[in-house]
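Letter by letter, the chains look like this.
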Amino acid sequence: QWGLWYVITCHLAAGELSGTAWYYLFLRTVLMGFCLSEFLAMSGMFSGPALGNINPPFPYAWYRYKVGTIKEPFFACLGDTRNVFDVVLACGFPPMLLYL
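Rules of the game
- Residues numbered from 1 in each chain as written.
- Predicted model: local features only at pLDDT ≥ 70, side-chain atom pairs only at ≥ 80, totals over all residues.
- Heavy atoms only, no water.
- Core = buried A, V, L, I, M, F, W, Y, C linked by side-chain atoms within 4.5 Å.
- Buried < 20%, exposed > 50% of the residue type's maximum accessible area, 1.4 Å probe, protein only.
- Helix = DSSP H or I, 4+ residues; strand = E, 2+ residues; numbered from the N terminus.
- Expected span 1.5 Å × (residues − 1).
- Bend = angle between axes of the 7 residues up to and from the residue.
- Contact = heavy atoms within 4.5 Å.
- Polar contact = N/O pair within 3.5 Å; in protein donor to acceptor, adjacent residues only side chain to side chain.

**Examining the nonpolar core**
Here comes step 1: Core analysis: the largest hydrophobic core is formed by 5 residues, namely L36, F39, L40, A90 and L97.
Here comes step 2: If you list the elements that add at least two residues to this core, you get α2 (20-39) and α3 (84-99).

As structure tokens, then:
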């Protein structure tokens, strides 16, 4: 994954940044990319085509967007199953990361 983020940073910088500014852009790209891949369950165990998950290739990302699936509650009063509010937050998180 580090190579992917390095290539993306070089593309974003397009030769205009150097030194500390490039380093900060690289760190930002790595952190946002890692957070996005973890949120979409693309870098976790037992996911991806390498482990035989062909259709869909990342099956566990779908559960984040289904109402009624089990979740780890942030607050105990919110319950342990996903509701519409959780799904709306999950739909808004990846675009927010890409915007930052």
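**Here we look at α3**
Here comes step 1: In a regular helix each residue adds 1.5 Å, so 16 residues correspond to 22 Å; α3 covers 23 Å between its end C-alpha atoms and thus fits that length.
Here comes step 2: Taking the largest bend as the criterion, α3 deviates by roughly 25°, centred on F93, and proline P94 comes between one and four positions later.
Here comes step 3: Inspection of α3 places D86, V87, A90, P94 and L97 among the buried residues, and these make up the whole buried set.
Here comes step 4: Residues of α3 that are buried sit in contact with α2.
Here comes step 5: The N-capping residue of α3, defined by a side-chain oxygen 3.2 Å from the backbone nitrogen of F85, is N83.

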